[in-house]
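Working through the structure, step by step
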Amino acid sequence: MDKPVVPNCRVVVEVPATVANLGAGFDVLGMALELRNTYDFRFVDSGVSIVISGEGAASLPHDETHLGYQACLHTLRKLGYELGGVELRQKNRVPLAGGLGNSATAVVAGVLAANAAAGYPLSPRELLAEATAIEGHPDNVAPALQGGLVICVNREDGEVQSLRLDVPSTLMTVVAVPDFCVDTAQARRVLPRYVSLSDAVYNVGRASLLVGAICSGEFEHLEESMQDRLHQPYRRHLIPGLYEVCSAARQAGAAGASLAGAGPTVVALVTEEIHKAEMIGQAMTQAFLEAGVSARYLVLAPTATGATVETAVVSV
Ligand code: HSE
């Protein structure tokens, strides 16, 4: 018999946006950004009520298909708990277009809320494994949980191994967010099953360079380390203007640029020339416009702080 969740337990989870596939780090490098979704779970006796406000609220599911609710339900069941009902309020700030880890915020929120409601039985490593199993890949959920820049690998024994690094405060990002969505599942289907040894070596070298550049502060390596041959060439037809937007960002002063996650968002890294961030954003959105895509930009700082959890027992 499953245990019931403590009724009227309230768990508020704030989860940052993330950029997966950073530069050459396809499926392995993700960075957390200071823009957060808030998920306020209240565990009640029965019923499911979901209220969403903010960015793209009308496009998100307001019923039991909500990813945060599903992740919470799934995790509680795995922990041997029976979920009575939930009142969930979401304040959405992370754009839905794709590339900033919106779905990862919901997965992480659901897993963390379930863990809190169950009395915190899961270790950080187990939380990452659970969130990765639900999301399907670790490079958004790992930085969403841990903050900073996270290197993650799926081990052959099924474990996810991760290493979190601090990002220097002199590094900023500009993200150009188009007004259309790319479905991550579709963007995965266009990838080849096998790649050439030379393309693998190309990315291994640049992903290593990216980590080294961020750890050492030798930012002159960033431009080369943001190049990729493992996914962008196969996805570029899904994102009109992708290479032109990256190139416009570099010409306007960015240290490097790449597709964010599976896109369509493009991320540019800005270092010494942080005052150029606005100009870089304008150049990126202009390049998107020239490719027939309307887009907006946001200047976002990397964040060292991953998801946060606050709990309370509320009186009824
Ligand atoms: N690594 C994942 C992919 C990220 O490229 O499919 C999706 O956000």
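A brief report on the enclosed structure follows. Note that the coordinates shown come from a computational prediction; the quantities given were computed from them, not determined experimentally.

Conventions we followed
Residues numbered from 1 in each chain as written. Predicted model: local features only at pLDDT ≥ 70, side-chain atom pairs only at ≥ 80, totals over all residues. Heavy atoms only, no water. Helix = DSSP H or I, 4+ residues; strand = E, 2+ residues; numbered from the N terminus. Rg over C-alpha atoms; globule rule 2.2 N^0.38 Å. Contact = heavy atoms within 4.5 Å. Areas by Shrake-Rupley, 256 points an atom, 1.4 Å probe, with all protein chains shown as cover. Lys, Arg positive; Asp, Glu negative; His and termini not counted. Charge placed at Lys NZ, Arg CZ, Asp CG, Glu CD. Core = buried A, V, L, I, M, F, W, Y, C linked by side-chain atoms within 4.5 Å. Buried < 20%, exposed > 50% of the residue type's maximum accessible area, 1.4 Å probe, protein only. Pairing = 2+ DSSP bridges. Axes fitted to C-alpha atoms, helices over the stretch in contact; angles between N-to-C directions. Phe/Tyr/Trp six-rings, centres within 6.5 Å; stacked < 30°, edge-to-face > 60°. Lys NZ or Arg CZ within 6 Å of the ring centre and 35° of its normal. 1 Å grid on protein atoms, 1.4 Å probe; cavity = no way out; pocket = protein on both sides within 12 Å on 5 of 7 lines; lining within 4 Å. Points joined across faces, edges and corners; volume = space filled by probe spheres on them. Domains from an automatic or database assignment. Expected span 1.5 Å × (residues − 1). Arc of directions from axis to C-beta. Near = heavy atom within 4 Å. Polar contact = N/O pair within 3.5 Å; in protein donor to acceptor, adjacent residues only side chain to side chain. Parallel < 35°, antiparallel > 145°, perpendicular 65-115°, else oblique. Left-handed = near helix turned anticlockwise from the far one by under 90°.

When its secondary structure is counted, the chain shows ten helices and 13 strands. Against the 2.2 N^0.38 benchmark of 20 Å for 316 residues, the chain shows a C-alpha radius of gyration of 20 Å, consistent with a compact globule. Principal axes of the C-alpha set define a box for the chain whose edges measure 60 × 40 × 35 Å. In the chain, of all internal contacts separated by at least 6 residues, the share reaching a separation of at least 24 is 75%. Per element, the accessible surface of the chain, about 13,500 Å² overall, is 52% carbon and sulfur. Positive and negative side-chain charges of the chain, numbering 22 and 33 respectively, have mean locations separated by a distance of 2 Å.

Membership of the largest hydrophobic core comes to 46 residues, with the highest contact counts inside it found for Val15, Phe41, Phe43, Leu76 and Val108. Considering every element that reaches this core, the biggest residue donor is helix H2 (residues 102-117), with eleven residues. Of all hydrophobic cores here, the second largest spans 28 residues; its members include Leu29, Leu149, Val167 and Ala255.

The pairing of strands in a sheet happens through backbone hydrogen bonds and is either parallel or antiparallel. With respect to topology, four strands assemble into an open sheet ordered E10-E11-E9-E12, the strand pairing being antiparallel. Of all the strands in the sheet, just strand E10 (256-259) and strand E12 (295-300) have a single pairing partner and so form its edges. In this sheet, adjacent strand axes meet at a mean angle of 20° when their direction is disregarded. Each of E10 and strand E11 (266-270) touches helix H9 (residues 242-251); the most contacted strand, E10, lies at about 160° to it. Strands strand E9 (172-178), E11 and E12 of the sheet are contacted by helix H10 (residues 277-290), whose axis makes an angle of about 155° with E12.

Here the focus is the packing of aromatic side chains. Enumeration according to the criterion identifies one aromatic pair in this entry. Between phenylalanine 41 and phenylalanine 43, the aromatic rings sit 6.2 Å apart at their centres with planes inclined by 10°, giving stacked as the arrangement. Across the pair, exposure class does not vary: phenylalanine 41 and phenylalanine 43 are buried alike. Cation over ring: arginine 206 sits above tyrosine 202, and NZ or CZ is 3.5 Å from the ring centre.

On to the layout of surface pockets, then. Estimates place the volume of the largest pocket at around 540 Å³. What lines the largest pocket is a set of 35 residues, among which Leu96, Gly98, Asn102, Ser103 and Thr184 lie closest to the centre. Secondary-structure elements contributing two or more residues to the lining of the largest pocket are helix H1 (67-78), H2, helix H4 (138-146) and helix H5 (184-189). Top element by residues in the lining of the largest pocket is H2. It accounts for four residues. Both domains that meet at the lining of the largest pocket, namely domain 1 (3-166 + 303-313) and domain 2 (172-300), each give it at least three residues.

Between the first and last C-alpha of helix H6 (residues 197-216) there are 28 Å, a value that for 20 residues agrees with the 28 Å anticipated at 1.5 Å per step. Within H6 the residues assigned to the buried category are Asp199, Tyr202, Asn203, Arg206, Ala207, Leu210, Val211, Ala213 and Ile214. Around the axis of H6, the buried residues are gathered within 160° of arc, so they sit on the same side. Of the exposed residues in H6, those oriented more than 90 degrees away from the buried face are Leu197, Val201 and Val204. Contact partners of the buried residues in H6: strand E3 (29-44), strand E7 (149-154), strand E8 (160-165), helix H7 (222-225) and helix H8 (232-235). Once H6 ends, the next one or two residues include glycine 217, with phi positive near 80°.

Around the ligand, a shell composed of Ala20, Asn21, Phe26, Asp27, His137, Asp139, Asn140, Thr184, Arg188, Arg235, Gly261 and Ala262 is seen. Between the ligand and the protein, one listed contact pairs a nitrogen atom with a side-chain N or O atom of aspartate 27 at 2.4 Å. Between the ligand and the protein, one listed contact pairs a nitrogen atom with a side-chain N or O atom of aspartate 139 at 2.9 Å. Compared with its free state, where it exposes 260 Å², the ligand has 96% of that area covered by protein.

On to the packing of H9 against H10, then. In a packed pair of helices, the relevant descriptors are the angle between the two axes and the axis-to-axis distance. Look at H9 against H10: their axes get within 8 Å of each other, and the N-to-C directions meet at 155°. Classified by the angle between their axes, H9 and H10 sit roughly antiparallel to one another. Handedness of the crossing formed by H9 with H10: right-handed. Residues Glu244, Val245, Ala248 and Ala249 of H9 lie in contact with H10, whose contacting residues are Ile280, Ala283, Met284, Ala287 and Phe288.

Mapped onto the secondary structure, glutamine 90 falls in strand E6 (residues 85-92). Here glutamine 90 falls in the buried class, since its relative accessible area comes to 3%. Within the structure, glutamine 90 has its side chain in polar contact with the side chain of histidine 66 (distance 2.7 Å). Setting aside residues no more than four positions away along its own chain, glutamine 90 makes contact with Asn37, Thr38, Tyr39, Val51, Ile52, Ser53, Leu60 and His66.

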